[in-house]
Amino acid sequence: MKRDMLYEELIELDMEAADIDDFFEKMSVKLLKLGYVKETFLEAIKKREAEYPTALPVEPYAVAIPHTDSEHIIKPFIAPVRLKKTVKWCEMAANDVEHDVRFVFILGIHGSNEHVELLQVLVENFQDAQLMKDLLEARTSKQYMKLLLIMKGLAG
Amino acid sequence: MKKIIVACGSGVATSQTVASKVNRLLKENKVDANVEVIDLKSVDRHIASSAAYIAITKTKKEYPIPVINGIAFLTGIGQDVELKKLIEACK
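Note that the structure is predicted; figures quoted are calculated from it, not measured.

Participant: Is there a simple way to think about the overall build of chain B in this case?
Facilitator: Along the backbone of chain B there are 4 helices and 4 strands. Reading the helices (α) and strands (β) of chain B from amino to carboxyl end gives β-α-β-α-β-β-α-α. Compactness check: chain B gives a C-alpha radius of gyration of 12 Å against a globular reference of 12 Å for 91 residues, within 12% of the reference. Seen through its principal axes, chain B has C-alpha atoms that stretch 30 × 25 × 20 Å. Looking at chain B residue by residue over its 91 residues, the buried ones come to 35%. Look at the contacts in chain B between residues 6 or more apart in sequence, and 54% of them connect residues 24 or more apart.

Right under this line is the structure:
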């Protein structure tokens, strides 16, 4: 995973969201304002998630990795979010299976092949119980960022 | 060389990651097959010429070739079982 796709300004801790759409709406405002995505991003990501859900059934906590086509992305990013209350999120390739998701990483991929390693690194680290515990307990975005930057397998 | 296809919702993230990982695993196991990332819409067209289809989305229909659970390769959970199935399909 490329560290330069992680931006502290995109980290949200204890974010309030009633459901997936509410989550996307709130995050899109921020991503649009900061110049990471185009206006078409919100509709695209909502639509895609509804059709092809992205919750990964990993342990200890299920994690969602919503993303959409590159055409809606201006600047590649990963937006790490920790929700205040878990949101029901459907499982990837098992649309009827729901998970209570607290950790979401929006992937703003621009179509290069860098994200290939990135996803593998992310998913492997999501299964690190100690890391997930630390992420759960982190108090500030700075702390959260630090934890993500020392994930195993993270390259320049 | 056997062909294996993989497709996901948008083709930018999960299918590429799974293809990369599976190609590496196949090589390690000395299986003469290659995983190709294709568009979800193109799946039907490739079925006839493929040994297996690695699905990362919910499959709504039956296929004449083995359908492998792609999420297992993404998360690593249940990967060994799916890899075995894949290797069998390539024989």
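Participant: I tried to follow the overall build of chain A on my own but got confused; where do I start?
Facilitator: In terms of regular secondary structure, chain A is built from 5 helices and 5 strands. The secondary structure elements of chain A, listed N-terminal to C-terminal, are β-α-α-β-β-β-β-α-α-α. With respect to the principal axes defined by its C-alpha atoms, chain A has extents near 35 × 35 × 25 Å. Classification of the 156 residues of chain A by burial places 44% in the buried group. Pairs at least 24 residues apart make up 72% of the contacts formed inside chain A by residues separated by at least 6 positions.

Participant: Please explain unusual backbone geometry as it appears in this structure.
Facilitator: Glycine aside, the phi torsion of most residues is negative, and most peptide linkages are trans. Each neighbour pair has its own omega, and for Glu59 of chain A with Pro60 of chain A the value is 5 degrees, a cis peptide bond. By the secondary structure assignment, Pro60 of chain A is in the loop between strand E2 (55–56) and strand E3 (63–64). Here Asp14 of chain A, not a glycine, exhibits a phi torsion of approximately 55 degrees, which is positive. Residue position: Asp14 of chain A is located in strand E1 (residues 12–15). A positive phi angle is found at Lys30 of chain B, which is not glycine, with a value near 55 degrees. Classification of Lys30 of chain B as exposed rests on a count of 7 C-beta atoms within 10 Å.

Participant: Please explain the sheet that holds strand E1 (residues 2–7) of chain B as it appears in this structure.
Facilitator: Residue and element names in this part refer to chain B. The strand order across the open sheet formed by 4 strands is E2-E1-E3-E4, and the pairing between neighbours is parallel. Strand pairing shows two members of the sheet lacking a second neighbour, strand E2 (33–37) and strand E4 (67–69), which therefore form its edges. Direction aside, the axes of adjacent strands within the sheet are offset by 30 degrees on average. The sheet contacts of helix H1 (residues 14–28) involve E1, E2 and strand E3 (52–55), and relative to E2 the element is tilted by about 175 degrees. Set on the sheet, helix H4 (residues 79–89) makes contact with E1, E3 and E4; between it and E4 the angle comes to about 155 degrees.

Participant: Is there a simple way to explain the nonpolar core in this structure?
Facilitator: Note on soluble globular proteins: their nonpolar side chains tend to be buried together. Membership of the largest hydrophobic core comes to 73 residues, with the highest contact counts inside it found for Leu56 and Val63 of chain A together with Ile54 of chain B. If we ignore the near neighbours within four places in the chain, the residues touching Leu56 of chain A are Ala62, Val63, Ile65, Met92, Val123 and Phe126 of chain A together with Leu74 and Thr75 of chain B.

Participant: Please clarify how the interface of chain B and chain A should be interpreted in this entry.
Facilitator: Note: interface size is frequently given as the accessible area lost on complex formation between the parts. Opposite the 17 residues of chain B that make contact, chain A presents 23 residues. Looking at the side of chain B that touches chain A, the elements that each hand over two or more residues are H1 and helix H3 (71–75) of chain B. The dominant element in the side of chain B that touches chain A, judged by the number of residues it contributes, is H1 of chain B, at 5 residues. Per-class residue counts for the side of chain B that touches chain A are 6 nonpolar, 9 polar and 2 charged.

Participant: What is the right way to look at the confidence of the model for chain B in this model?
Facilitator: A low pLDDT score tells you not to read the predicted coordinates there in detail. Averaged over every residue, the pLDDT of chain B is 92; the share at 70 or more is 98%. In the predicted assembly, ipTM is 0.84 and pTM is 0.91.

Participant: I tried to follow the packing of helix H1 (residues 20–33) of chain A against helix H2 (residues 41–51) of chain A on my own but got confused; where do I start?
Facilitator: What describes two packed helices is the angle between their axes and the distance between those same axes. All names here are of chain A. One can describe the packing of H1 onto H2 by two numbers: an axis separation of 9 Å at closest approach and a directional angle of 150 degrees. The angle between H1 and H2 places the two elements in the roughly antiparallel class. The crossing of H1 and H2 is right-handed. Together, Ile20, Asp21, Phe24, Glu25, Ser28, Leu31 and Leu32 of H1 and Phe41, Leu42, Ile45, Lys46 and Glu49 of H2 make up the contact between the two elements. Class assignment for the residues of the contact of H1 with H2 results in 7 nonpolar, 1 polar and 4 charged.

The rules behind each value
Residues numbered from 1 in each chain as written. Chains lettered and ligands numbered in written order. Predicted model: local features only at pLDDT ≥ 70, side-chain atom pairs only at ≥ 80, totals over all residues. Helix = DSSP H or I, 4+ residues; strand = E, 2+ residues; numbered from the N terminus. Rg over C-alpha atoms; globule rule 2.2 N^0.38 Å. Buried ≥ 20, exposed ≤ 12 C-beta atoms within 10 Å, placed from the backbone. Contact = placed C-beta atoms within 7 Å. Pairing = 2+ DSSP bridges. Axes fitted to C-alpha atoms, helices over the stretch in contact; angles between N-to-C directions. Core = buried A, V, L, I, M, F, W, Y, C linked by C-beta atoms within 7 Å. Nonpolar A, V, L, I, M, F, W, Y, C, P; charged D, E, K, R; others polar. pLDDT = per-residue confidence, 0-100. Parallel < 35°, antiparallel > 145°, perpendicular 65-115°, else oblique. Left-handed = near helix turned anticlockwise from the far one by under 90°.

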